[in-house]
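# Geometric and topological summary
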Amino acid sequence: MATACGLVGAKEKTSREVIVDFLEYHCYDCHDDASRKGEREFESFKLPLESVQDLITAQEIIDQVTLKEMPPKKKEQPEDEERLAVIRALWEEISAARDRFESNGGRTVMRRLSNREYENTLEVLFGRRVDTLGLTLDFPKEQTSRHIDTIGESLVTSGFLVDQYFQSAQRLVEHRLGKPEMEQKKWHFTKNFKQYEELSNSHRAVFNYEFLCLYEQPNTDTRQGGYGHIEDFKVGVPVSGFYELEVKAQALHRDTHYDPKIFGIDFSEPFILGVVPGDATKGHIHYPQRIEPLLAKAVVPDEKPEWIKFRVWLEVGQTPRFIFPNGPYESRASVIAINKRYKDEFKNPKDGVSRTTLLREGKLPHIRISEIKVEGPLPEKGGSAEERTVFGKEGFQEGKALEQLDRFAERAFRRPINESDRKRVHGFYKKRMGEGARPRQAALDSLKLILCSPSFFYLSEITPEDDPSLKPYDLAARLSYALWAMPPDEILRLWAMPPDEILRKVAASGRLNEPSVLREQIDRLLKDPRSEGFVNSFLDGWLNLRDLGNMPPPRRSARRYYSEDLPSSMKAEVRMFFSHILHGNAPVSELLDADYTFVDKYLAKHYKLPDAERLRLKDGFQKVELKGKRQRGGILGMAAVHTVSSNGVETSPVTRGVFVSENILGVIPPPPPDEVPAIEPDVRGAKTRREILAKHSNSKTCAECHRKIDPLGFGMESFDPIGRWRDKYPQVNKKTKALKVDSSGEMPSGEKYAGFEELRKILVETRSEMFTRHLISTVLTHATGRHMEAVDQYEIQDIQDRVKKEGGGLRTLVIECLVSDIFRSR
């Protein structure tokens, strides 16, 4: 092909002439100052690159030409040699401009701890889980930026939030360290197991309230038998602490002859009894409450009632409540269904079968509790974890109070305290003593002061203002929050992890800035199990797993989504898959396409894998091969991604296409113009989604973006709103046929695919470089607390080159990001 770029004589041209000729011949007719198609204008693009906007435009042209998305296929296409020539020329210009831009690189805005980091930090400082306190429940909703919760500009601090910090500090310190000394007490409950609403009359008539029964999973729509409380213990425990629960329980009618579909559960699995906290002052005791982390769980025997022991942590005023995590999806619906199908089995079925009759004569599956014993608070060897973690192994010492407070402040502030810090803490302690407070109370109030200091809830820096690189203490804090989502002080870690002050000690030595030492510490932190903090928080941001479950499907069409808690399994699959690739340093491309995944029994069943037949719940998650189910390989084949990119009811190729564009390729499409109406996701009449989209994107206003977005979404239409594989859409009504799913498409660059697997292959073979670059950018964004800017692309490219040279492993990618100048800079 002969073109205006004159490639015949290209060797005689300068790189700038190659670029200008290419733009004039292939681009200006759509993207000159007058046309501005797709809101892009290249006529003002000048060489050499003088502005950040020029740099952004150059990178955009490279991406579009590399992907063959520009010029559009209806235009005359340049030869591959011509594309390569202009790409090389643009890279030469970008490289030549590097020194011009590097000194103006981005800087992280000083940020506060995210709510997640705040609770993690308090767990470390106090040596025990804090989720039983609900410390951040009343905080303002966390503002994320592109789903990432570590961006400084988004983590604002209001007067209301500062007040909430005080309330949280007050509750934490007083509940855990200000509690009165108390002897162990014992409670024994054998009757008056009242249950409310629909259950009350039937339980009085049949059991005289002698049994506490669980009939359904927690948090159903009708809420009839999902939570079992102790009516005579609603006042809760007298102080925060460990309590031993003994529960005499039995699983009833797991062998019921009623159709299992009525209940929506797997009767081959034993019934599970769980314990969650409840507070009668915070709402209905038999309804879901805001604070109800799972404290313990156990298998319930079938043959006869047996004693089951639990050791659980309860806060003052909390009472234990019992749940049936793998129970029927809804008690009321089960009773109604049995009435319809099995009423002839009962003595007087004429007017229907009441719940009372069903309990007397029927085989309704449930967990039955006949006795409950509570004992506590239980003593802890060597004193409470909080006492030892905050004050040291000898506990609070009046004669060393100021020294102990200094040590705590240093840990809370993640740096050596200065004279100003010391003066403020010491002064407050002495002030409280002068007001008549006892020494211990004065110390506790001083702890609250420390926890309300900006030096605690901000990742404040002691690096001098004119120093562009972080000093060791600041670097240690950034590194620890990036990889563990917690501070670099591990004196007594939750879950009995071993003591670990190594990172702080290295920071104190001043050697953390040495590249070899920094790499050694990164490697150590990644090998530690606490690196799951990075895996979980990074995936919550990158793939927006944080929002998984926010738009759930209707219960009737997706019972197992609720009864088997599929969102938890979906998240676990992605996390274990990512962690496996990270720790094994497998190629980054394996994130997109792999011949294995990790599933538990529930997810294996959801995916219709043969492993569902052999797996049991007790097996947990297992690595499985995907023979015959290759559509599940890689993150785009995982139900978590399909669910979080849907609205719970139906799918949209546009929504999923945007998800792939933004989260996989790093290309953020512009928002639709205000005058363009939203596309309804339902099938209407005989029209397919593809026809609806085709009509919508025929508009000149829409066509440019839809040309790039839609092909990325069409290939994922074979997955329904919660990730089940499908060949047809659900019927709109009985009069219309179910429409067949068409998951074929054509990329803007001309590649055609027949379905999801071929789309994935195109992404792996032609867009892996874009994916890797975006992943690097996202890791850096998450770790530094700021979005990457155009000038950062120089170092991102350096990182990508080093990763490629070292084999393209994910672990290598993370390490190279964390030793980069971007990460180590302010």
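Reading guide: rules and limits
Residues numbered from 1 in each chain as written. Predicted model: local features only at pLDDT ≥ 70, side-chain atom pairs only at ≥ 80, totals over all residues. Heavy atoms only, no water. Helix = DSSP H or I, 4+ residues; strand = E, 2+ residues; numbered from the N terminus. Rg over C-alpha atoms; globule rule 2.2 N^0.38 Å. Contact = heavy atoms within 4.5 Å. Areas by Shrake-Rupley, 256 points an atom, 1.4 Å probe, with all protein chains shown as cover. Lys, Arg positive; Asp, Glu negative; His and termini not counted. Charge placed at Lys NZ, Arg CZ, Asp CG, Glu CD. Pairing = 2+ DSSP bridges. Buried < 20%, exposed > 50% of the residue type's maximum accessible area, 1.4 Å probe, protein only. Core = buried A, V, L, I, M, F, W, Y, C linked by side-chain atoms within 4.5 Å. Axes fitted to C-alpha atoms, helices over the stretch in contact; angles between N-to-C directions. Parallel < 35°, antiparallel > 145°, perpendicular 65-115°, else oblique. Left-handed = near helix turned anticlockwise from the far one by under 90°. Phe/Tyr/Trp six-rings, centres within 6.5 Å; stacked < 30°, edge-to-face > 60°. Lys NZ or Arg CZ within 6 Å of the ring centre and 35° of its normal. 1 Å grid on protein atoms, 1.4 Å probe; cavity = no way out; pocket = protein on both sides within 12 Å on 5 of 7 lines; lining within 4 Å. Points joined across faces, edges and corners; volume = space filled by probe spheres on them. Nonpolar A, V, L, I, M, F, W, Y, C, P; charged D, E, K, R; others polar.

So, about the overall build of the chain. Along its length, the chain carries 32 helices and 13 strands. By the compact-globule yardstick of 28 Å for 826 residues, the chain fits well, its C-alpha radius of gyration being 31 Å. Based on the C-alpha atoms only, the size of the chain along its principal axes is roughly 95 × 80 × 45 Å. For the chain, the proportion of contacts with a sequence separation of at least 24, taken over those separated by at least 6, is 73%. A total accessible area of about 36,900 Å² is found for the chain, and carbon and sulfur atoms account for 50% of it. Within the chain, one finds 127 positive and 128 negative side-chain charges whose respective centroids are separated by 6 Å.

Right, let's talk about the sheet that holds strand β5 (residues 272-278) for a bit. Pairing is antiparallel across the open sheet formed by four strands, whose spatial order is β3-β8-β5-β6. If you trace the sheet from one side to the other, it starts and ends with β3 (227-228) and β6 (296-299), each paired once.

Structurally, P377 is set in the loop between β9 (366-376) and α12 (385-391). When its relative accessible area of 13% is taken as the criterion, P377 is described as buried. In this structure, P377 is in contact with M182, E183, Q184, V239, F242 and Y243, ignoring residues within four places of it in sequence.

So, about the nonpolar core. Judged by nonpolar contacts, the single largest core of 92 residues is most densely connected at L483, W542, F578 and L591. Beyond its immediate stretch of four places on either side in the chain, F578 contacts F534, V535, F538, L539, W542, L591 and L810. Grouped together as the second largest cluster of nonpolar side chains are 48 residues, F189, L212, I230 and I372 included.

Once that is clear, we can look at helix α31 (residues 810-818). With nine of its nine residues buried, α31 lies for the most part within the structure. When we look at burial in α31, the residues that qualify are L810, R811, T812, L813, V814, I815, E816, C817 and L818.

Let us look at the packing of helix α29 (residues 768-784) against α31. Close contact between α29 and α31 brings their axes to 10 Å; oriented N to C, the two are set at 50°. Classed by the angle they form, the pair α29 and α31 counts as oblique. The two elements α29 and α31 meet at a crossing, and its hand is right-handed. Counted together, T772, L775, I776, V779, L780 and A783 of α29 and L810, L813, C817 and L818 of α31 form the full contact between these two elements.

Attention shifts here to the packing of aromatic side chains. In this description, an aromatic ring pair is defined by two values, namely the gap between the centres and the angle between the planes. Taken as a whole, this structure holds 27 aromatic pairs when the rule is applied. Summarising the aromatic geometry, the rings of F391 and F396 are spaced 5.3 Å apart at their centres and angled 65° between planes, so their arrangement reads as edge-to-face. Given the relative accessible area of 16%, F396 is considered buried. Centre to centre, the rings of F719 and F756 are 5.1 Å apart; their planes meet at 85°, and the pair counts as edge-to-face. Of the two residues, F719 sits in the loop between α27 (700-714) and β12 (745-746) while F756 sits in helix α28 (residues 756-766), which places them 37 residues apart along the sequence. For the pair F719 and F756, a shared accessibility class is recorded, and that class is buried. Through successive ring pairs, a cluster of aromatic residues spans Y118, F139, Y165, F456, F457 and Y458. Positioned over the ring face of F823 is R478, at 5.8 Å from the centre of the ring. A cation over a ring is seen here: R555 above Y562, with NZ or CZ 4.1 Å from the ring centre.

Our next topic: empty space enclosed by the protein. In the structure shown here, the tally under the stated rule is 10 cavities of 30 Å³ or more. Taken as a whole, the largest cavity spans an internal volume of roughly 290 Å³. Looking at the lining of the largest cavity, the elements with two or more residues in it are α6 (115-126), α17 (472-483) and α29. Counting residues per element, the lining of the largest cavity draws most heavily on α17, at six residues. Class assignment of the residues belonging to the lining of the largest cavity gives a composition of 13 nonpolar, eight polar and eight charged.

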